[in-house]
Amino acid sequence: MMKGTAELLKEHQLKVTPQRLKIVKMLEEHGHINIEEMYREMLKEFPSVSLATIYKNINQMIESGLIQEVKLPQTKSVYELIKEPHLHMVCDRCHKVEDIVIGTEKIIEEAEKLSGYKIKESFITLRGICPACQKKVSEEA
Ligand SMILES: [Zn+2]
Ligand SMILES: [Zn+2]
């Protein structure tokens, strides 16, 4: 990300604190990260940080529109910085989460037309085997 981390927080009306800076940095680095991974990494720099504090920060950052929770089937939610609309792909073998930028407007529109719902939120996840794991599978065979 080009923008400074502190500016990013300020833009979202969030007070700049060392812990919030660290959270944004982790999200930039990992793309998607769950709360336990975040906690483990935070402890290295902030040995007295609690899980409750991380949740509090995360929730404030969600409210301010800086990050979002990505709900995944059969596994813990991950968090990411809000970017252009995209879908998520999850590998069944290595469990990595990747973004794929495909417009979902058509799907949402169609779903609204068919169901009469006014859709507020969508979590579209595609599961499969990533290219790296496909390669491993064929080498193992
Ligand atoms: Zn994989
Ligand atoms: Zn994503």
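Below, the structure is looked at part by part. Predicted model only: the values in this text are computed from it and were never measured. (Residues numbered from 1 in each chain as written. Chains lettered and ligands numbered in written order. Predicted model: local features only at pLDDT ≥ 70, side-chain atom pairs only at ≥ 80, totals over all residues. Heavy atoms only, no water.)

### A short note on the sheet that holds strand β5 (residues 125-128)
Strand-to-strand pairing in sheets goes through backbone hydrogen bonds, with the strands running parallel or antiparallel. Cut-off, in case you're wondering: Paired strands are those between which DSSP finds at least two bridges. Per the convention used, a helix needs a DSSP run of H or I reaching at least four residues, while a strand needs a run of E reaching at least two, with both numbered from the N terminus. Working convention: axes come from line fits to C-alpha atoms, limited for helices to the stretch in contact. Angles between N-to-C directions cover 0 to 180 degrees.
Within the open sheet, the three strands sit side by side as β4-β3-β5. Their pairing is mixed. In this open sheet, the two edge strands, each paired with only one partner strand, are β4 (97-100) and β5. On average, each strand axis in the sheet is inclined to that of its neighbour by 30 degrees, with strand direction left out of account. Here four bridges tie strand β3 (residues 87-91) to β5, and the two strands are oriented parallel to one another. Within β5, the position partnered with cysteine 91 by the bridge is glycine 128.

### Overview of the pairing of β3
This is how it is decided: Only protein chains enter the accessibility calculation, which uses a 1.4 Å probe. A residue is then buried if its area is under 20% of the maximum for its type, exposed if over 50%, and partly exposed in between.
Summarising burial for β3: four of the five residues are buried, a large majority. Looking at chain direction, β3 and β4 are connected through four bridges and run antiparallel. Considered in β4, the bridge of methionine 89 is made with glutamate 98. Between the antiparallel neighbours β3 and β4 lie five residues, among them histidine 95 with a positive phi of about 65 degrees.

### Some points on unusual backbone geometry
One non-glycine residue, glutamine 13, lies in positive phi territory at about 55 degrees. With respect to the helices and strands, the residue glutamine 13 is situated in the loop between α1 (5-11) and α2 (18-30). Located in the positive-phi region is histidine 95, a residue other than glycine, with phi close to 65 degrees. Within the element layout of this structure, histidine 95 appears in the loop between β3 and β4.

### Considering the packing of α2 against helix α4 (residues 51-63)
Heads up, the rule is: Orientation labels follow simple angle bins: below 35 degrees gives roughly parallel, above 145 gives roughly antiparallel, 65 to 115 gives roughly perpendicular, and whatever is left gives oblique. The contact rule is simple, with two residues in contact once any of their heavy atoms fall within 4.5 Å. Under the scheme applied here, ten amino acids are nonpolar (Ala, Val, Leu, Ile, Met, Phe, Trp, Tyr, Cys and Pro), four are charged (Asp, Glu, Lys and Arg), and all others, including Gly, are polar.
Remark: α2 packs on α4, axes separated minimally by 11 Å, with the N-to-C direction vectors making an angle of 70 degrees. Looking at the two axes, α2 sits roughly perpendicular to α4. Only Thr53, Asn57, Ile58, Gln60 and Met61 of α4 make contact with α2, whose side of the interface consists of Gln19, Arg20, Ile23 and Val24. Within the contact of α2 with α4, the residues separate by chemical class into four nonpolar, four polar and one charged.

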